[in-house]
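The chain contents come next:
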Amino acid sequence: MADSVAAGLGDEKEAENEGKEKEKRAFRASDKAETGSGASELTETLGFYERKAKRQESRRSLSDLSLVRFVSAELTRGYFLEHNEAKYTERRERVYTCLRIPKELEKLMIFGFFLCLDAFLYVFTLLPLRVLLALIRLLTLPCCGLSGSRLLQPAQVCDVLKGLIMVLCYSMMHYVDYSMMYHLIRGQSVIKLYIIYNMLEVADRLFSSFGQDILDALYWTATEPKERKRAHIGVIPHFFMAVLYVFLHAILIMVQATTLNVAFNSHNKSLLTIMMSNNFVEIKGSVFKKFEKNNLFQMSNSDIKERFTNYVLLLIVCLRNMEQFSWNPDHLWVLFPDVCMVVASEIAVDVVKHAFITKFNDIPADVYSEYRASLAFDLVSSRQKNAYTDYSDSVSRRMGFIPLPLALLLIRVVTSSVKIQGALAVVCVVLFYLGMITLKVLNSIVLLGKSCVYVKEANMEEKLFQSPPSAAPSRVSSRAHRTKHTRESAGEPEDEGVSASVITQPTHQPERTASNLPTSESDQFLTTPDESEEKIITQDGTELVHRAPKKDLLEIDRFTICGNRID
């Protein structure tokens with residue numbers, strides 16, 4: 001230690017001597033500069049000291065860049081997250097939203113599943129009874145001498161048409177051989193079956209989109225007031241179109257069920273694995289797109305319909321397999337793992353898809369409660385005295401779920417798989433039918449109670465007493481507005497006769513429809529936040545901005561185009 005102290009004192013003395021020597025040289029240089037004889041020597045001395053100072057600084061900086069100093073800086077470096085508190089709070093809320101999505105989504109899915117089940121059971125239970133009552137009224141009313149009143153009410157006419165469609169299509173389905181179709185599909189290769197299954201899914205969506213329009217056209221043509229001018233092709237052509245549609249859609253679903261049955265019975269399960277992996281393709285096609293609330297509502301309705309349809313297809317596959325094995329209960333446990341695998345993959349795909357869609361588009365998880373309230377509103381409004389549609393038809397429009405073809409296929413499979421022989425079998429069928437009616441009634445009561453609760457929580461009671469908005473007046477008014485603006489810009493006179501005839505029609509009331517639109521504060525969550533603007537440049541250079549009305553969730557069905565079409 002003494003040596004180090006002595007060395008330190010020696011360095012200080014050397015530095016002091018060096019400093020004194022520099023001062024002497026600088027003093028001599030200044031004297032020479034004053035006399036005018038040493039300017040060059042002074043410049044040389046100053047340059048020498050500047051270069052020496054730069055070398056010392058470079059050596060000091062190089063000595064600071066040591067490996068130990070870098071490692072110590074990395075180990076002791078700190079930062080404060082509260083400097084960007086808003087960003088991290090938003091990230092945390094996104095995580096919480098993703099964690100809430102499975103629960104909120106499954107609540108909506110369960111509620112929608114029982115809505116589809118209610119509409120599906122209606123075809124088997126209440127529809128035959130309603131058709132029977134309508135036929136009794138049709139036969140007994142003329143005998144009572146009440147010729148002035150209508151033979152059948154509009155709802156009864158629709159019920160009779162549904163019953164006739166089911167009877168005709170069921171008789172036509174007897175000419176379709178299920179066994180031949182099964183062996184024909186089984187003889188194809190795996191890749192070809194995979195392509196066929198994808199084509200069937202696309203065709204099913206196309207059939208559903210156009211099928212409900214065909215049925216609605218038939219119902220309105222059959223019940224339209226007769227005093228109006230005839231603007232249709234007649235009830236009989238519409239009826240045959242509806243019969244053809246239901247039959248073709250039922251055949252399509254039968255081929256779909258047969259392909260799924262082949263996948264279940266394949267030895268290596270490769271086809272089933274490929275068909276399940278097709279569900280995960282939906283994630284790629286949906287997650288990375290821009291979605292609004294209305295688009296997500298369409299997708300949710302489509303997922304509800306798809307899940308219920310898959311459950312019915314799995315039921316048909318199990319019935320056909322149990323029939324082939326003489327209803328051996330042991331074979332049911334062989335099918336059970338594959339059924340669970342298909343159901344689990346469907347649920348997982350829906351959860352992942354909706355979680356990332358809500359994350360990327362900043363949609364809160366509470367939006368699913370709004371969707372559930374909108375579906376509940378359909379159920380409650382169909383029970384009103386001024387209801388304008390049957391509940392099963394409203395479910396078909398909202399979700400794209402048409403129960404008639406699916407029910408027709410299930411009836412065809414059950415009647416071909418189960419043989420009814422003897423009085424005991426007839427008693428079992430009657431008891432089973434009574435059990436289905438009981439299930440339908442209980443399901444309807446529970447759904448109606450839950451729907452009233454959801455509508456009350458969403459503050460939508462006042463909407464129940466408003467007349468439903470019509471789609472036709474808005475189209476006519478917008479078309480008339482565009483025509484008027486075009487003629488004004490071209491300098492042509494306005495045709496008052498055409499516009500007056502459009503306005504004075506009894507079904508076209510755009511002003512009344514606009515006044516009936518909801519204006520309460522509770523309607524804000526039922527609309528999308530974005531408003532579309534249409535800019536028109538007039539001749540004088542002024543710019544007119546027309547704001548399109550907000551889309552209400554109650555006006556969004558499965559096939560309404562809101563931004564991008566959702567499949």
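Residues numbered from 1 in each chain as written. Predicted model: local features only at pLDDT ≥ 70, side-chain atom pairs only at ≥ 80, totals over all residues. Heavy atoms only, no water.

### Concerning the overall build of the protein
So, step 1. Secondary structure assignment for the protein yields 19 helices and 2 strands.
So, step 2. Counting every position in the protein, which comprises 567 residues, the buried fraction comes to 38%.
So, step 3. At a minimum sequence separation of 6, the contacts of the protein that also span at least 24 residues come to 82%. (Helix = DSSP H or I, 4+ residues; strand = E, 2+ residues; numbered from the N terminus. Buried < 20%, exposed > 50% of the residue type's maximum accessible area, 1.4 Å probe, protein only. Contact = heavy atoms within 4.5 Å.)

### Quick notes on unusual backbone geometry
So, step 1. Positive phi, close to 55°, is recorded for Ser326, a residue that is not glycine.
So, step 2. With respect to the helices and strands, Ser326 occurs in the loop between α11 (293–324) and α12 (329–360).
So, step 3. Overall, Ser326 belongs to the exposed group, its relative accessible area being 62%.

### Comments concerning the packing of aromatic side chains
So, step 1. Applying the stated rule across the entire model yields 14 aromatic pairs.
So, step 2. Both rings, one in Phe113 and one in Phe114, keep their centres 5.5 Å apart while their planes meet at 80°; by these two values the pair is edge-to-face.
So, step 3. Of the residues examined, Phe113 reaches a relative accessible area of 24% and is grouped as partly exposed.
So, step 4. For Phe114, a relative accessible area of 33% gives the class partly exposed.
So, step 5. Both rings, one in Trp333 and one in Phe336, keep their centres 5.8 Å apart while their planes meet at 65°; by these two values the pair is edge-to-face. With a gap of 3 residues between them, Trp333 and Phe336 both fall in helix α12, about one helical turn apart.
So, step 6. Of the aromatic side chains, those joined through ring pairs into one cluster are Phe113, Phe114, Phe120, Phe124, Phe308, Tyr311 and Phe401.
So, step 7. Positioned over the ring face of Tyr88 is Lys87, at 6.0 Å from the centre of the ring.
So, step 8. Its end group placed over the ring of Tyr454, Arg372 keeps NZ or CZ at 4.4 Å from the ring centre. (Phe/Tyr/Trp six-rings, centres within 6.5 Å; stacked < 30°, edge-to-face > 60°. Lys NZ or Arg CZ within 6 Å of the ring centre and 35° of its normal.)

### Let's talk about helix α9 (residues 235–265)
So, step 1. The end-to-end C-alpha distance of α9 is 45 Å, a good match for the 45 Å that 31 residues give at a rise of 1.5 Å each.
So, step 2. Burial runs high along α9: 23 of the 31 residues are buried. (Expected span 1.5 Å × (residues − 1).)

### Observations concerning helix α7 (residues 178–186)
So, step 1. Tyr178, Met181, Tyr182 and Ile185 are the residues of α7 that are buried. Projection of α7 onto a plane perpendicular to its axis shows the buried side chains occupying an angular sector of 100°, all on one side. In α7, the exposed positions angled more than 90 degrees off the buried face are occupied by Met180, His183 and Leu184.
So, step 2. On its buried side, α7 packs onto α8 (190–223), α9 and α11. (Arc of directions from axis to C-beta.)

### Topic: the UniProt feature "transmembrane region" (unreviewed entry) in the protein
So, step 1. UniProt records the feature "transmembrane region" (unreviewed entry) at residues 108–125, 164–185, 239–264, 395–414 and 420–442, using the numbering of this structure.
So, step 2. Annotated as 94% helix and 0% strand, the span residues 108–125 places its first and last C-alpha atoms 25 Å apart.
So, step 3. When the span residues 395–414 is considered, its composition is 85% helix and 0% strand, and the gap between its end C-alpha atoms is 25 Å. (UniProt positions renumbered as here; feature names shortened; annotations may be inferred.)

### Some thoughts on the nonpolar core
So, step 1. Grouped together as the largest cluster of nonpolar side chains are 108 residues, with contacts concentrated most on Ile165 and Phe264.
So, step 2. Leaving out residues up to four positions away in the same chain, Phe264 has contacts with Lys269, Leu272, Leu314, Val317, Leu335, Asp338, Val339 and Val342. (Core = buried A, V, L, I, M, F, W, Y, C linked by side-chain atoms within 4.5 Å.)

### Here we look at a nonpolar patch on the surface
So, step 1. There is a patch of nonpolar side chains on the surface, built from Trp327, Val414, Val418, Ile420, Val426, Val427, Val429, Val430, Leu431 and Leu434 and spanning about 840 Å² of accessible area.
So, step 2. With 6 residues, the single largest contributor to the nonpolar patch is helix α16 (residues 423–457).
So, step 3. Mapped onto the secondary structure, Val430 falls in helix α16.
So, step 4. Judged by relative accessible area, which is 44%, Val430 ranks as partly exposed. (Patch = residues over 30% accessible without salt bridge, like charges linked within 9 Å, V, L, I, M, F, W, Y side chains within 5 Å. Areas by Shrake-Rupley, 256 points an atom, 1.4 Å probe, with all protein chains shown as cover. Salt bridge = Lys/Arg side-chain N within 4 Å of Asp/Glu carboxyl O.)

### Let's talk about the packing of helix α4 (residues 85–124) against helix α14 (residues 391–399)
Relative orientation and spacing of two packed helices are given, respectively, by the angle between their axes and the distance between those axes.
So, step 1. Taken N-terminus to C-terminus, the directions of α4 and α14 make an angle of 130°; their axes are 9 Å apart at the nearest point. Comparing their axes, α14 and α4 come out oblique. Classified by chirality, the crossing of α14 by α4 is left-handed. Residues Gly112, Leu115, Cys116, Asp118, Ala119 and Tyr122 of α4 touch α14, and the partners they reach there are Tyr391, Ser392, Val395 and Met399. (Axes fitted to C-alpha atoms, helices over the stretch in contact; angles between N-to-C directions. Parallel < 35°, antiparallel > 145°, perpendicular 65-115°, else oblique. Left-handed = near helix turned anticlockwise from the far one by under 90°.)

### Quick word on the pattern of salt bridges
So, step 1. Applying the stated criterion across every chain, the model contains 16 salt bridges.
So, step 2. In this structure, the salt-bridge partner of Lys305 is Asp204, at a minimum N-O distance of 2.8 Å. Residue Lys305 is located in helix α11, and its partner Asp204 is located in helix α8; the two are separated by 101 residues in the primary sequence. Exposure class is identical for Lys305 and Asp204. Each is buried.
So, step 3. Glu323 is the salt-bridge partner of Arg320, the closest N and O atoms lying 3.1 Å from each other.

### Examining the packing of helix α6 (residues 154–173) against α8
So, step 1. Where α6 contacts α8, the two axes come as close as 9 Å, and the packing angle between them is 130°. Taken together, α6 and α8 sit at an angle that is classed as oblique. In terms of crossing hand, the pair formed by α6 and α8 is right-handed. On the side of α6, the interface is formed by Pro154, Val157, Cys158, Leu161, Lys162 and Ile165, while α8 contributes Leu215, Leu218, Tyr219, Ala222 and Thr223.
So, step 2. Taken together, the residues that form the contact of α6 with α8 break down as 9 nonpolar, 1 polar and 1 charged. (Nonpolar A, V, L, I, M, F, W, Y, C, P; charged D, E, K, R; others polar.)

### Describing the confidence of the model for the protein
So, step 1. For the protein, per-residue confidence averages 75 on the pLDDT scale, and residues scoring 70 or more make up 69% of the total.
So, step 2. Every residue in residues 471–550 scores below 50 in pLDDT, and together they form 78 contacts with partners more than four places removed in sequence or on other chains.
So, step 3. Within the model, pLDDT remains below 50 along residues 558–567, and this stretch shows 35 contacts once partners closer than five positions in the same chain are excluded. (pLDDT = per-residue confidence, 0-100.)

### Re the environment of Lys289
So, step 1. Locating Lys289 in the fold gives a position in the loop between α10 (270–286) and α11.
So, step 2. Along the sequence, Lys289 and Phe360 sit 71 residues apart, while their C-alpha atoms lie 8.8 Å from each other.

### Side note on the environment of Phe239
So, step 1. With respect to the secondary-structure elements, Phe239 resides in helix α9.
So, step 2. A residue is classified by how much of its surface remains accessible, and Phe239, at 13% relative accessible area, is buried.
So, step 3. Along the sequence, Phe239 and Thr221 sit 18 residues apart, while their C-alpha atoms lie 9.6 Å from each other.
So, step 4. Excluding anything up to four places from it in sequence, Phe239 contacts Leu161, Leu164, Ile165, Leu168 and Leu218.

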